[in-house]
Amino acid sequence: MIDMEKELKNYPINDLPVLYGVIKTLGIAGSINNQFKEHGNWVGILPGEILELWLCYILSQCDHRLSGAEEWAKQHLEFLQIMSGLGKLSAHDFSDDKLGGLLGYFSEDKVWGIVEKAVNQKGLGVYRLKEEGSLNTFRLDAAPMQSHGKVIENGLLQYGYSKHHANLPQFKLKLCTLDNEVNNFAYPICHLTVNGKVADDELYLTIIEKSKEVLQGLTTYAIGNLYVGDSKFGSLVNRCYVFQHKDYYLMPLSAVQLSLKKRMELIDNSEPSTYYQVFRTEKKKQVLVAEGFEVSEQIQVESEEGIAEWKERRLFVHSIKYAKSQQNALDKRLIKAEAQILQLTKRKQGKPVLKTKREYNLAITTILQTNKVEGLLTVELKKSTTKKEKRAYGDKPKRIEKKVDFNLTVYKQTEEIRQRKKYMGWQIYATNAPSNLLTFEQCVWKYRYQSNIESRFDDIRNKMAALLPVFLQKDERIAGLVNILLLALKVCSILEYKAAKSLQDQKELLFNVYEGNPNRGTDRPSAKRLLKAFDGVAISLIFEDNNFQFALMTKLKPVQKKILEILDLEEGIYTGLIEKIELWFSNKKVIEP
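Just so you know, the residues in each chain are numbered from 1, in the order the chain's sequence is written. For this predicted model, a pLDDT threshold of at least 70 governs which residues receive local features, and a threshold of 80 or more governs which side-chain atom pairs are given and counted, while totals over whole chains, interfaces and linings are taken from all residues. Side-chain metrics rest on all non-hydrogen atoms present in the structure, leaving aside hydrogens and water.

1. Description of the overall build of the chain
Part 1: The secondary structure content of the chain amounts to 19 helices and 14 strands.
Part 2: Computation of the radius of gyration draws on C-alpha atoms alone. For the globule rule, the value is 2.2 Å times the number of residues to the power 0.38. Scaling as 2.2 N^0.38, a compact globule of 593 residues should have a C-alpha radius of gyration of about 25 Å, whereas the chain reaches 32 Å, well beyond that.
Part 3: Projected onto its principal axes, the C-alpha positions of the chain cover 125 × 75 × 55 Å.
Part 4: Counting across all 593 residues of the chain, residues that qualify as buried make up 47%.
Part 5: Taking the contacts inside the chain whose residues are at least 6 apart along the sequence as the reference set, 68% of them involve residues at least 24 apart.
Part 6: Counting every atom, the chain has about 31500 Å² of accessible surface; 50% of that belongs to carbon and sulfur.
Part 7: Charged-residue counts in this description rest on Lys and Arg as positive and Asp and Glu as negative, His and the chain ends being excluded. For this purpose, a charge sits on NZ of Lys, CZ of Arg, CG of Asp or CD of Glu. Considering the chain, the positive charge centre built from 86 side chains and the negative charge centre built from 74 side chains are found 12 Å apart. Runs of H or I in DSSP of at least four residues are treated as helices and runs of E of at least two as strands, each being numbered from the N terminus. When a residue's accessible area, from a 1.4 Å probe over protein chains only, is under 20% of the maximum for its type it is buried; when over 50% it is exposed; and in between it is partly exposed. We call two residues in contact whenever any of their non-hydrogen atoms come within 4.5 Å of each other. Only the protein chains shown count as cover for residues, and the accessible areas themselves come from Shrake-Rupley with a 1.4 Å probe.

Following this line, the structure appears as C-alpha cells:
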C-alpha cells in the first residue's frame, strides 16, 4: 500500500475580493499603464496592476508601510494570481525597492494628475452625489502631518506650527472634498502636498484651480459650485476669485474682515422678533439650534481683470448651544478668578507674602487677565494697621509693634457681564450665493457639516492606514505615499456611498456590523465596518503528493451576502473563486479575472 502525502493550504481572503472588485471599476491600472514607458530594466507586471493590488494590501491590512507588502504578497501569492488573473505576478513585485521606486513615479504631478482625473470621472460620473437643484458643495481645509525625516532647506519637511508634536518636522496636506447628500461623507476630489511652513491662506486658490482641472470634462462641476472653508479662506482676493469664476463661497469672517465694533453695532440694531430660526428634531421634538439675521454688503475689488463688484450676504448666526457653553465657561472663569483673588491674603508655607498695595494690584491684574475677565470684576482693597504692645524681653525694650493687614472684597459687574454674554455664541458668515440657492437655514447646516472634511483627515491620520508619523525620508516618496493613500480614501468613499444609497433606496438598515451588538442597525455604514464583516472568509486548498485535488471556501453569512448586494457586486467574486482555482491548477487559461 502506497502512503499518499497530503497537504492543506489555507488562504484567509477576508475582504480582498470586495476591495479588488471595487478598485477594478475605477480603471486605475489603465490610466497608469497608458502613460508608463516600460524600459529595459523593468521586470514584472506593470505599475497599474501593482498599484491595484497594493491598494488591496493597504486597505485590508490597514498598513501603508513598504516593509510588510512583500511578505503579504508571498503568503497570498497563488490566491492573488488567481483573483487577478496575473500569472506572472511575483512577491518581488512588492519589494521595498520596487514600491519605493513607484512612490517616486506616482509623485510626479503629470502622472498623478491623469490618474486623479480618470478616477474622478469614473467615480463621479457613475454616482449621484447631490440632489437635483442643490449646490455642489466642495470643502477646503489643511492639516499638518508629522514625520521623523530630516529637515532640508527648501525641502518638503519643515518645522511649522502644530497643535500636536510641535517638535517634529512636518509637511502640510491641503484637501478638497465633495459632499454627497446620501450619507454626508466627503468624497476626496484632490489634494496638495506642500512644505510645513506654507500658510493655509496661500493654498486656497491653488486647490480650487486643481479641483477644476481634475474635474474637467464633467460639466456638472464646471461652474456654480459652493466652496466652504474656514476664516482663512475669507480674504478679499479669495472671495473675488470665486466670484469671478462664477462660483459661490461660504466662510466665517474673522475680526480682521469684520471688526468686533461693527459686529456689536449690527447685533444691537437687530430685532430679535424678526430672526430666522433653525430647528432640528430630537426625540420627536423640534429643538431650536440657531437663530439670527442677515445683512447685505456691496463688495468692490480691483483685480487684474478689472473692477469686480458683487452683493455679499452676511449672516449673523447665534448658536444656542455655543452661546450656553461660552456663558458657562465665563461663569466658571469668574468663580475661579474670585477665588484666586481672595486667596492672595491667605498665608501658606512657601507662599510669597504680598506687603504693599502695588504688589496686590499687580497680582489682581494678572489674575483678571489670565482668566479673561478684565472689566467684569472689581476689587476693593482695604489696608488696616493694628498696634500691639510688646513687653521688654532680654535686651529688647518695651515697644509698640505695627501689623499691616489687607482685606479684599470682590464685586461682580452685573451689567458688564450681561453685555459680555449678549455677544456670545454669534458667528458671522459671508456668502455670495443668492438666498434662492442657499437659504439662511442651509448656510447654517452647510458650515456645521465642515466636520465632514475633518473626519477625512482623521481617516488618513489614524483610521484607514495610520499615516502618522511618516518614517520615509525622501520628499518624492512622501508625496507619492500621500497620493496613494488619498486614492485609497476615494475607494472607501465610493464603498460608503454605494452602501448608503442602496440601503436608503430600499429603506433598510444593515445589521450585524457592530461588534457585540448584532441588533444595532445603520443605513450609513463606514467602509471599515463593511470590510470587517468579511473577516474569517477563507479558502482551503487540498493537495496530494503536490497535486491539487479540490478547494473549499467558507460559506458566506447573510450579512456578507447583503453587503455584496448593496455594493452591486456579484456573489461570484467569492463563490466563483473555486472554479477559477480548479481551472488554474488544471493549467487552463483564465480569460477574465
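Following the structure, the description resumes.
2. Focus: the pairing of strand β12 (residues 426-431)
On a regular strand, each side chain points to the face opposite its neighbour's, so the side chains alternate between the two faces of the sheet.
Part 1: Most of β12 is tucked away, with five of its six residues classed as buried.
Part 2: DSSP calls a pair of strands paired once it identifies at least 2 bridges connecting them. In the sheet, strand β6 (residues 248-252) pairs with β12 via three bridges, with the strands oriented antiparallel. Across the sheet, the residue bridging to L250 is T431, located in β12.
Part 3: In the sheet, strand β9 (residues 306-319) pairs with β12 via six bridges, with the strands oriented antiparallel. Note that in β12 the partner of V317 across the bridge is Q427.

3. A word on the sheet that holds strand β3 (residues 170-179)
Part 1: Here nine strands make up an open sheet; going across it, the order is β4-β3-β2-β5-β6-β12-β9-β8-β7 and the pairing mixed. Taken across any chain shown, the strands that pair with only one partner, and hence form the sheet edges, are β4 (186-195) and β7 (276-282). Recorded for the sheet is a direction-independent mean angle of 25° between the axes of neighbouring strands.
Part 2: Here three bridges tie strand β5 (residues 226-228) to β6, and the two strands are oriented parallel to one another. If you follow Y227 over to β6, its bridge partner there is Y249.
Part 3: Contacting β8 (285-303), β9 and β12, helix α10 (residues 260-268) runs over the sheet at an angle of about 65° to β9. What counts as an axis is a line fitted to C-alpha atoms, over the stretch in contact for a helix, and the angles between N-to-C directions run from 0 to 180 degrees.

4. With respect to the packing of helix α1 (residues 16-24) against helix α19 (residues 572-585)
Part 1: Where α1 contacts α19, the axes come no closer than 9 Å and their chain directions differ by 110°. Overall, the two elements α1 and α19 adopt an arrangement that is roughly perpendicular. Across from L16, P17 and V18 in α1, the residues of α19 making contact are I573, Y574 and L577. Working rule for angles: under 35 degrees goes down as roughly parallel, over 145 as roughly antiparallel, 65 to 115 as roughly perpendicular, anything else as oblique.

5. A look at the packing of aromatic side chains
Part 1: Between rings of Phe, Tyr and Trp, where Trp is taken as its six-membered ring, a pair exists when centres lie within 6.5 Å; planes separated by under 30 degrees are stacked, by over 60 edge-to-face, and by other angles tilted. Within this structure, the stated rule accounts for 19 aromatic pairs.
Part 2: Note on F138 and Y221: the rings are 6.2 Å apart at their centroids and 80° apart in plane angle, and the pair reads as edge-to-face. Here Y221 lies in the loop between α8 (204-214) and β5 and F138 lies in strand β2 (residues 137-146), a separation of 83 residues in the sequence. Of the two residues, F138 and Y221, neither departs from the other in class, the shared state being buried.
Part 3: Through a chain of ring-to-ring contacts, the aromatic side chains of F36, W42, Y105, F106 and W112 assemble into a single cluster.
Part 4: Lying over the aromatic face of W42, K98 brings its terminal NZ or CZ to 4.5 Å of the ring centre.
Part 5: A cation sits over an aromatic face here: R520 above Y514, 3.9 Å from the ring centre. Comment: the charge-over-ring label is applied if NZ (Lys) or CZ (Arg) is within 6 Å of the ring centre and within 35 degrees of the ring normal.

6. A closer look at the pattern of salt bridges
Part 1: By definition here, a salt bridge exists when the distance from a side-chain nitrogen of Lys or Arg to a carboxyl oxygen of Asp or Glu is within 4 Å. Under the criterion given, the structure shown has 22 salt bridges.
Part 2: Between D505 and K501 there is a salt bridge, and its shortest N-O distance comes to 2.6 Å. Residue D505 and its partner K501 are located together in helix α16 (residues 475-505), separated by four residues, close to a single helical turn.
Part 3: Via salt bridges that share partners, K172, D200, D230 and K232 belong to a single interconnected network.

7. Concerning the side chain of N432
Part 1: Looking at where N432 falls in the secondary structure, it is placed in the loop between β12 and α14 (440-448).
Part 2: In protein, a polar contact requires one atom able to donate a hydrogen and another able to accept it; more generally it is a pair of N or O atoms within 3.5 Å, and residues adjacent in sequence count only if both atoms are side-chain atoms. Engagement of the side chain of N432 in a polar contact is seen with the backbone oxygen of D247, the distance being 3.1 Å.
Part 3: Look past the residues within four positions of N432 in its chain and what remains in contact with it is F243, D247, Y248, Y249, W310 and K311.

8. Quick word on the sheet that holds strand β13 (residues 538-544)
Part 1: Here we have three strands laid out as an open sheet, ordered β1-β13-β14, and antiparallel in their pairing. Each having just a single partner strand, β1 (6-12) and β14 (547-553) make up the two edges of the open sheet. Adjacent strand axes in the sheet meet at a mean angle of 20°, parallel and antiparallel pairs treated alike.
Part 2: The pairing of β1 with β13 spans seven bridges and is antiparallel. Bridge assignment links Y11 to a residue of β13, and that residue is I539.
Part 3: Contacts from α19 reach β13 and β14 within the one sheet, and its direction differs from that of β14 by about 180°.

9. So, the state of the cysteines
Part 1: Throughout, a disulfide means two cysteine sulfur atoms within 2.5 Å of one another. Scanning the entire structure with this criterion turns up zero disulfides.
Part 2: There is no disulfide at C443, and the cysteine sulfur nearest it, in C176, is 19 Å away.

10. Notes on the packing of helix α3 (residues 47-61) against helix α6 (residues 96-106)
Part 1: Running from N to C, α3 and α6 cross one another at 105°; their axes reach a closest spacing of 12 Å. The orientation of α3 relative to α6 falls into the category roughly perpendicular. For the pair α3 and α6, contact is made by P47, I50, L51 and W54 and by K98, L99, L102, L103 and F106, respectively.
Part 2: When residues are grouped by polarity, Ala, Val, Leu, Ile, Met, Phe, Trp, Tyr, Cys and Pro land in nonpolar, Asp, Glu, Lys and Arg in charged, and all others, Gly among them, in polar. Taken together, the residues of the contact of α3 with α6 sort by class into eight nonpolar, no polar and one charged.

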